[in-house]
Structure formats: structure tokens, C-alpha cells
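# Structural characterization, general
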Amino acid sequence: SVWLVRNEACRTAYRDQVKLWEAERDQVKLERWRLAWNKPKLGKLEAPLPRPMLNDPEASKEGHSDKSDGGSE
């Protein structure tokens, strides 16, 4: 899954930024100053592709229902 690889790359970049932010935050606390930048946010990740829906008229003739309630019929 390509989107999993891209999401993991975003997460590792985010973790690196948070480590830098935490180091600066700790230094600022010792010096009793104000932090210059806010904590970085991860943001939206890439969602997986939706599953394709089957609109086969022959399947409905065979007695299969087109309900998408997640039942196991």
C-alpha cells in the first residue's frame, strides 16, 4: 500500500519536528523565556482508497441484496 508508506514518511517527519520542538522547549524552560514556535501538528494523513461497489444487475437477480449495512448474507 503506497498510502501507508507516505503516511509513515509524514509521521517520521512529524516525530523529528516534535523532538526538535521538545529540545527547544526544555531549553526555554531552563532559561525562563517564551517559546518561539508552537508545537508542530501532524495534520491530515492520506486515507485508503474506498472499496469498489459492485452494481451488477445479474447479482440482484440471483437473490443477493444491494444493502450496504455490512451484513453477512
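Here is a short report on the structure shown in this document. No experiment lies behind these values; they were computed from the predicted model shown. (Residues numbered from 1 in each chain as written. Predicted model: local features only at pLDDT ≥ 70, side-chain atom pairs only at ≥ 80, totals over all residues. Heavy atoms only, no water.)

## Some points on the overall build of the chain
What counts is decided by this rule: Secondary structure follows DSSP: runs of H or I at least 4 residues long count as helices, runs of E at least 2 residues long count as strands, and numbering of each begins at the N terminus. Here the term buried applies to any residue with accessible area under 20% of the maximum for its type, exposed to any over 50%, and partly exposed to those in between, with areas from a 1.4 Å probe on protein chains only. Working rule for contacts: check all heavy atoms of both residues, and any pair within 4.5 Å makes them a contact. Residue burial considers only the protein chains on display, and all accessible areas are found by Shrake-Rupley using a 1.4 Å probe.
Per the secondary structure count, the chain includes two helices and zero strands. Within the chain, buried positions represent 7% of all 73 residues. Contacts in the chain between residues at least 24 apart in sequence constitute 41% of all its contacts with a sequence separation of at least 6. Put simply, the chain shows about 7200 Å² of open surface, and 54% of that area lies on carbon and sulfur atoms.

## Examining the pattern of salt bridges
Note the cut-off: By definition here, a salt bridge exists when the distance from a side-chain nitrogen of Lys or Arg to a carboxyl oxygen of Asp or Glu is within 4 Å.
Evaluation of the coordinates by the stated rule reveals four salt bridges. The closest approach of N and O atoms between R25 and D26, which form a salt bridge, is 3.4 Å. A residue is classified by how much of its surface remains accessible, and R25, at 27% relative accessible area, is partly exposed. Owing to a relative accessible area of 39%, D26 belongs among the partly exposed residues under this scheme. Because the salt bridges share partners, they merge into one network encompassing E8, R11 and R15.

## Description of the side chain of N7
Residue placement: N7 occurs in helix 1 (residues 2-31). Leaving out residues up to four positions away in the same chain, N7 has contacts with L45 and E46.

## Description of helix 1
Going by this rule: Expected span of a helix: the number of residues minus one, times 1.5 Å.
With 30 residues, helix 1 extends 44 Å between its outermost C-alpha atoms, agreeing within 8% with the 44 Å of an ideal straight helix rising 1.5 Å per residue. Looking only at helix 1, the buried set comprises N7, V18, W21 and V28. Looking one or two places after helix 1, you find R32, whose phi comes out positive at around 60°.

## Looking at the environment of V2
Along the chain, V2 falls in helix 1. Between the C-alpha atoms of V2 and P48, which are 46 residues apart in sequence, the distance is 9.2 Å.

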